[in-house]
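Fold and geometry: a report
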Amino acid sequence: MIYQRTLAKEVKVTGIGLHSGRKVTMRVQPADADYGFQFKRTDIPGSLPMRADARSVGATENATTIGQGREAIHTVEHLLAVLYGLGINNAHIEIDGPEVPIMDGSGASFVFLLKETGIRNLNKSKKFIVILDTVRVEKDGKWAQFDPHPTLMIDSTIVFAHPVIKTQREVFDFTCENFINEIARARTFGFARDVDMLKRKGLIKGGSLDNAIVMDDFKVINPEGLRFGNEFVRHKILDTLGDVSLLGHEIAGKITTFKSGHNLHNLLCRKLLDTPAAFEIVSASNLKAEVRDAFKLPQGIAIAH
Ligand SMILES: [Zn+2]
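Now for a quick tour of the structure. (Residues numbered from 1 in each chain as written. Predicted model: local features only at pLDDT ≥ 70, side-chain atom pairs only at ≥ 80, totals over all residues. Heavy atoms only, no water.)

Topic: the nonpolar core
Generally speaking, soluble globular proteins have nonpolar side chains that are buried together. In terms of nonpolar packing, the biggest core is built from 72 residues, with Phe39, Ile93, Phe174 and Phe179 touching the most fellow members. At six residues, the largest contribution of residues to this core is made by helix H1 (residues 77-85). Excluding anything up to four places from it in sequence, isoleucine 93 contacts Met26, Arg27, Val28, Phe37, Gln38, Phe39, Lys40, Leu79 and Leu83. Counting residues in each nonpolar core, the second largest holds nine residues, with Ile158, Ile165, Met215 and Val220 among its members. (Core = buried A, V, L, I, M, F, W, Y, C linked by side-chain atoms within 4.5 Å. Buried < 20%, exposed > 50% of the residue type's maximum accessible area, 1.4 Å probe, protein only. Helix = DSSP H or I, 4+ residues; strand = E, 2+ residues; numbered from the N terminus. Contact = heavy atoms within 4.5 Å.)

Right, here's the structure in full:
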């Protein structure tokens with residue numbers, strides 16, 4: 001049996017929103033089995049919790065947004081990736097602003113805080129979405145697809161006409177430990193030449209070298225350099241994991257992406273959900289041990305029962 005997980009207790013995080021530039025406080029709170037992830041805006045009186053799932057995604061330009069209009073919550077993907085990465089299925093998340101804080105542009109701060117807090121097993125089995133058939137989406141030479149595979153694997157390729165990035169490919173075999181060591185610390189990135197254009201569009205008002213890798217036309221500007229030689233494609237895997245976690249269950253299948261982004265990830269999830277013959281939802285106890293073993297937590301993370 002592998003149980004659904006939540007947090008052992010509340011985690012409070014204060015930071016700034018990448019796009020809004022506003023300071024926000026986020027509280028991630030324990031929740032019961034089958035609650036999923038629900039976000040609530042506490043700065044808007046009467047605002048109701050919104051369930052985060054692939055069909056509740058509004059905008060996908062530069063970040064993934066849950067909901068629409070003034071109650072929307074932006075940039076949920078890194079937090080969701082970390083929750084998936086630690087095998088957490090249920091949490092109630094309150095934010096006093098429009099955006100999850102960007103922290104250092106990766107999932108590292110959320111991993112650190114959740115490690116400190118500990119994780120609680122709930123008295124109900126995890127369920128998995130098992131991919132049975134290929135589902136593919138394509139748009140403007142970019143594509144993403146699901147294929148059958150016993151465990152979650154993400155094979156990601158990015159292509160940028162920039163000397164530091166060029167073509168990068170990484171194949172990530174999901175385990176909680178691999179996620180923490182290989183993916184969680186990879187930061188988001190951008191190009192100095194795009195900064196003015198994005199700011200004119202009202203985006204990245206909170207952007208700085210503290211929360212993104214920034215490149216001029218030749219090199220990385222950040223004085224500390226890169227955390228991995230291919231940090232860029234590792235961040236793409238972080239984004240992909242956060243976006244596909246919106247399917248609502250752990251995934252047993254392979255995801256291959258080529259030049260993908262949040263929009264394509266969401267289209268892929270919606271197409272899968274619209275293709276019932278391509279997947280089944282299975283209790284974890286009916287799956288092979290290797291699927292369950294992927295969710296063993298590394299030493300140093302306390303599990304409460
Ligand atoms: Zn990202």
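Description of the packing of H1 against helix H5 (residues 231-244)
At their nearest, the axes of H1 and H5 sit 7 Å apart, and the two run at 80° to each other. Taken as axis vectors, H1 and H5 run roughly perpendicular relative to one another. For the pair formed by H1 and H5, the contact residues are Glu77, His78, Leu80, Ala81, Tyr84 and Gly85 on the first element and His235, Leu238, Asp239, Leu241, Gly242 and Asp243 on the second. In terms of residue class, the contact of H1 with H5 is built from five nonpolar, four polar and three charged. (Axes fitted to C-alpha atoms, helices over the stretch in contact; angles between N-to-C directions. Parallel < 35°, antiparallel > 145°, perpendicular 65-115°, else oblique. Nonpolar A, V, L, I, M, F, W, Y, C, P; charged D, E, K, R; others polar.)

Brief notes about the sheet that holds strand E17 (residues 279-283)
An order of E15-E8-E17 is seen for the three strands of this open sheet, with the pairing classed as mixed. Lying at the two open borders of the sheet, with one neighbouring strand each, are strand E15 (250-252) and E17. Going across the sheet, the axis of each strand differs from the next one's by a mean of 30°, ignoring polarity. The pairing of strand E8 (residues 127-131) with E17 spans five bridges and is antiparallel. Bridged to isoleucine 129 within E17 is isoleucine 281. (Pairing = 2+ DSSP bridges.)

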